[in-house]
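Fold and geometry: a report
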Amino acid sequence: MSNDDPTRRLDGELPETPPTQPTIDTVLQRILELGTRLEQKIDQSEERLRQEINKNFREMEWRLDVMSVDINKLRARMMDLETSVRQLDAKPA
């Protein structure tokens, strides 16, 4: 084979390719670290969200209790007014 042969191998003329495994290992390690940090942030966010939801549910429960009492008072007052109207309607004019 001469230097002009287009089928000759160039391996000897090319610089040696550096090993890629250390780079791949580094990238994988960074990905794993990122995944761990993301999991921690997600867990923290879930906990904050859970606490906020529970707080808001307690607040809504309290408001519904107050509204329930107010509605019962309104119903009692309405029944009193209906009784008064019936009594007035029953009286001769």
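Residues numbered from 1 in each chain as written. Predicted model: local features only at pLDDT ≥ 70, side-chain atom pairs only at ≥ 80, totals over all residues. Heavy atoms only, no water.

The subject of this paragraph is the overall build of the protein chain. When helices and strands are tallied, the protein chain shows one helix and zero strands. Within the protein chain, the proportion of its 93 residues that are buried is 1%. (Helix = DSSP H or I, 4+ residues; strand = E, 2+ residues; numbered from the N terminus. Buried < 20%, exposed > 50% of the residue type's maximum accessible area, 1.4 Å probe, protein only.)

A side chain of one charge can pair with a side chain of the opposite charge if their charged atoms are brought near each other. Applying the stated rule across the entire model yields two salt bridges. Residues glutamate 47 and arginine 50 are paired through a salt bridge, measuring 3.0 Å at the closest nitrogen-oxygen approach. Remark: arginine 50 and glutamate 47 occur in helix H1 (residues 21-90); sequence separation between them is three residues, near one turn of the helix. The partner of glutamate 59 in a salt bridge is arginine 63, and the shortest N-O contact between them spans 2.8 Å. A residue pair is termed a helical-turn pair when its members lie 3 or 4 positions apart in one helix, as glutamate 59 and arginine 63 do in helix H1 at four residues. For arginine 63, a relative accessible area of 42% translates into the label partly exposed. (Salt bridge = Lys/Arg side-chain N within 4 Å of Asp/Glu carboxyl O.)

To continue, consider a nonpolar patch on the surface. Judged by side-chain polarity, Ile24, Val27, Leu28 and Ile31 come together as a nonpolar surface patch covering roughly 340 Å² of accessible area. By the element assignment, valine 27 lies in helix H1. (Patch = residues over 30% accessible without salt bridge, like charges linked within 9 Å, V, L, I, M, F, W, Y side chains within 5 Å. Areas by Shrake-Rupley, 256 points an atom, 1.4 Å probe, with all protein chains shown as cover.)

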